[in-house]
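Geometric and topological summary
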Amino acid sequence: MEPSNQTRFNYFILIGFSWNLQASVVLFVITFTIYILTIQGNCLLLVTIIISPKLHTPMYYFLCNLSFLDFCYSSTFVPKLLTDIFSETKRILLVACLTQMKVGLFLGASECVLLAVMAYDRYIAICFPLYYTLIISWRVCRYSTVIISIGSFILCTLPTIVKPLVFCKENTLNHYLCEVLALLEVACGDLSFYKITIVVAGIFTLLAPLLLILVSYICIVISILKIHSVGGRSKAFSTCASHLTVVLLFYVTIMIGYMGQTKSLSSYIKYISLIYIVFTPLINPLIYSLRNNEVKEAFQRILTLFSQTK
């Protein structure tokens, strides 16, 4: 490789948000509050599921994985965002930037596929309840977790390790985090490998899971409409509505961010990304705890036991 094509710097400067002091204070307060609630909510949901035997079912196993991913995903980006809001020089080391990108890709892809698995789990539970324990066994749950992890790593992280990005242009990123598309804008050399990789990864981690989710919920809605009991319909719709809320918030915004890159949208991508990086990880513990009677009952039992031990 020629010297002119090698990386000439060891850090990036993140432009972040060019707001005045008042707007920056509002952003910091809102983001910090949401992040604290996200950490507390997901940790509380994790602990509740782990120590409650009644919640040791495949549905809550997947929910436990989702909370763990949200905890890690939010912690990968939000702390750096918070520290940079009032910083004049928003620097991040090249190594730290590339690590943030790789970890973020892995976690984001894992969550996309996991949401599809959760949709399939609900489809089997509602449409084929008598065969649920046979189809969604603990063995299937464990294998699903392994396959999601390995597949996300191979599709999204391994390509950046096999062929590392080279930077010889400016070291300024028009973002508040090390997003892969923002890095490609300042990378040099032949980028066709990365563009093909993004398309392939997008098909398997965004489009294919979304298609599975849509098909699953179409079948679920058809099955629910056949239920004669009004209470049964209401309970089934309530269970599925919480999952759909996460899917719509997370999937739509992340697809705009990764697959809707146009000149007219490019300046708004970092604002759109706030939804799936800051807000969505908070939504999961809220909707699955406040809208789920089993989780609320388990949490109440834990509080009762805790109060009795004092």
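Residues numbered from 1 in each chain as written. Predicted model: local features only at pLDDT ≥ 70, side-chain atom pairs only at ≥ 80, totals over all residues. Heavy atoms only, no water.

The name given to the protein in an unreviewed UniProt entry is Olfactory receptor, and the organism recorded there is Eleutherodactylus coqui. According to UniProt, the comment filed for the protein under the heading Subcellular location (unreviewed entry) is "Cell membrane". (UniProt positions renumbered as here; feature names shortened; annotations may be inferred.)

So, the packing of helix 3 (residues 94–127) against helix 5 (residues 138–162)
Two elements in contact, helix 3 and helix 5, have axes separated by 9 Å at closest approach and are oriented at 150°. When the interaxial angle is binned, helix 3 and helix 5 end up roughly antiparallel. In this structure, helix 3 meets helix 5 at a crossing whose hand is right-handed. Contacts between helix 3 and helix 5 pair Met-101, Lys-102, Leu-105, Phe-106, Ala-109, Ser-110, Val-113, Leu-114 and Val-117 from the former with Ile-148, Ser-149, Ser-152, Phe-153, Cys-156, Thr-157, Thr-160 and Ile-161 from the latter. (Axes fitted to C-alpha atoms, helices over the stretch in contact; angles between N-to-C directions. Helix = DSSP H or I, 4+ residues; strand = E, 2+ residues; numbered from the N terminus. Parallel < 35°, antiparallel > 145°, perpendicular 65-115°, else oblique. Left-handed = near helix turned anticlockwise from the far one by under 90°. Contact = heavy atoms within 4.5 Å.)

Here we look at helix 5
For helix 5, with 25 residues, the first-to-last C-alpha span of 34 Å sits near the 36 Å given by 1.5 Å per residue. Remark: the principal bend of helix 5, roughly 40°, maps to Ile-154. Cys-141, Ser-144, Ile-148, Ser-152, Cys-156, Thr-157, Pro-159 and Thr-160 are the residues of helix 5 that are buried. Where the residues of helix 5 are buried, they touch helix 2 (58–84), helix 3 and helix 7 (192–225). (Expected span 1.5 Å × (residues − 1). Bend = angle between axes of the 7 residues up to and from the residue. Buried < 20%, exposed > 50% of the residue type's maximum accessible area, 1.4 Å probe, protein only.)

A word on the sheet that holds strand 1 (residues 11–14)
Strand order in this open sheet of 3 strands is 2-1-3, and the pairing throughout is mixed. If you trace the sheet from one side to the other, it starts and ends with strand 2 (91–93) and strand 3 (172–173), each paired once. Alignment of strand 1 against strand 3, held across 2 bridges, turns out to be parallel. Bridged to Leu-14 within strand 3 is Leu-173. Strand contacts of helix 3: strand 1, strand 2 and strand 3, with the helix running at about 85° to strand 2, the strand carrying the most contacts. (Pairing = 2+ DSSP bridges.)

Some words on helix 2
Owing to its 3.6 residues per turn, the α-helix aligns residues three or four sequence positions apart on the same side. Here helix 2 is 27 residues long and its end C-alpha atoms lie 40 Å apart, about the 39 Å a rise of 1.5 Å per residue gives. Extensive coverage of helix 2 is indicated by the burial of 20 of its 27 residues.

Thoughts on the side chain of Thr-253
Along the chain, the position of Thr-253 falls in helix 8 (residues 230–259). Look at Thr-253 and you get buried, because its relative accessible area is 9%. Here Phe-250 takes part through its backbone oxygen, which lies 3.1 Å from a polar atom of the side chain of Thr-253. Sequence-distant contacts of Thr-253, that is, excluding residues within four places in its chain, are made with Leu-248, Ile-272, Ile-275 and Tyr-276. (Polar contact = N/O pair within 3.5 Å; in protein donor to acceptor, adjacent residues only side chain to side chain.)

Notes on the state of the cysteines
Counting across every chain of the model gives 1 disulfide. A disulfide bridge connects Cys-97 with Cys-178, and the sulfur atoms are separated by 1.9 Å. Between Cys-97 and Cys-178 the disulfide shows an S-S torsion of about -120°. By sign, it is left-handed. On the criterion of sequence distance, the pair formed by Cys-97 in helix 3 and Cys-178 in the loop between strand 3 and helix 6 (180–186) is long-range, its members being 81 residues apart. Exposure remark for Cys-97: the relative accessible area of 0% places this residue in the buried category. We note that Cys-72 lacks a disulfide partner, and the nearest cysteine sulfur, in Cys-43, lies 9.5 Å from it. (Disulfide = S-S within 2.5 Å.)

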